[in-house]
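Take a look at the letters that make up each chain.
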Amino acid sequence: VQLVQSGGGLVQPGGSLRLSCAASGFTFSMYYMSWVRQAPGKGLEWVSDINSGGGSTFYADSVKGRFTISRDNAKNTLYLQMNSLKSEDTALYYCARRGVTDEHDYWGQGTQVTVSS
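It should be emphasised that the depicted structure is a prediction, and the values quoted were computed from it without experimental measurement.

Novice: Got a minute to help me understand the overall build of the chain in this structure?
Specialist: Summing up its helical and strand segments, the chain has zero helices and eleven strands in all. Sequence-ordered secondary structure for the chain, helices as α and strands as β, is β-β-β-β-β-β-β-β-β-β-β. Taking 117 residues into account, the globule formula puts the C-alpha radius of gyration at 13 Å, and the chain, at 13 Å, falls close to it. Per-residue burial over the chain gives 44% buried out of 117 residues. The contacts of the chain with a sequence gap of at least 6 include a subset with a gap of at least 24, amounting to 51%. Measuring between centres, the 10 positive side-chain charges of the chain sit 5 Å from its 9 negative side-chain charges.

Structure (structure tokens):
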């Protein structure tokens, strides 16, 4: 199993970024997927989930209305579109697979998002 992330970087407050997570080594379309972040000096914070087919999405209150999770099962890729970014969104972002017991059993390598003027 591999989850390879891309995207991220430095953006000004109010800006947008899109993160991608390319999956391989498993049947991507059969699994729920997540985005999780870790701000400097803080613990892991769940951001968003998407079901296996992509028709149901779930968000933390802190990002609801600003972030959009999506997936392309034909391309085995997970996305996170982040709009109206705030300084408090600065974090290391991870994609993760939800295993059969609902835990996050595989993780991407992480990608840094920094929101600053």
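From this point on, the discussion continues.
Novice: What am I meant to see in the side chain of S20 here?
Specialist: Tracing the chain through its elements places S20 in strand β3 (residues 17-24). Beyond its immediate chain neighbours, meaning those up to four positions away, S20 contacts V4, Q5, S6, W35, T77, L78 and Y79.

Novice: Could you clarify how one ought to interpret the pattern of salt bridges in this entry?
Specialist: Working definition: two side chains of opposite charge can pair if their charged atoms are close together. This model, assessed by the stated rule, comprises seven salt bridges. The residue R37 makes a salt bridge to E45 at a minimum N-O spacing of 2.7 Å. Residue R37 is classed as buried on the basis of its relative accessible area of 5%. Given a relative accessible area of 30%, E45 falls into the partly exposed group. Residue R98 is joined to D102 by a salt bridge in which the shortest nitrogen-to-oxygen separation is 3.8 Å. Taken together, the salt bridges that share partners define one network made up of R37, E45, R66 and D89.

What counts, and where the lines are drawn
Counting restarts for each chain: residues are numbered from 1 in the order of the written sequence. Only residues with pLDDT of 70 or above have their local features reported here, since the model is predicted, and side-chain atom pairs are shown and tallied only from 80 upward, although totals for entire chains, interfaces and linings are computed over all residues. No hydrogens and no water enter the side-chain calculation; it runs on all heavy atoms of the structure. Secondary structure counts use DSSP, requiring at least four H or I residues in a row for a helix and at least two E residues in a row for a strand, with both numbered from the N terminus. In this description the radius of gyration comes from C-alpha coordinates, and the expected globular size is given by 2.2 Å times residues to the power 0.38. Only protein chains enter the accessibility calculation, which uses a 1.4 Å probe. A residue is then buried if its area is under 20% of the maximum for its type, exposed if over 50%, and partly exposed in between. It only takes one pair of heavy atoms within 4.5 Å for two residues to be counted as in contact. By the counting scheme adopted, Arg and Lys are positive, Glu and Asp are negative, and His together with the chain ends is not counted. Charge placement uses NZ in Lys and CZ in Arg. For Asp and Glu, CG and CD serve respectively. Put simply, a salt bridge is a Lys or Arg side-chain nitrogen that is within 4 Å of an Asp or Glu carboxyl oxygen.

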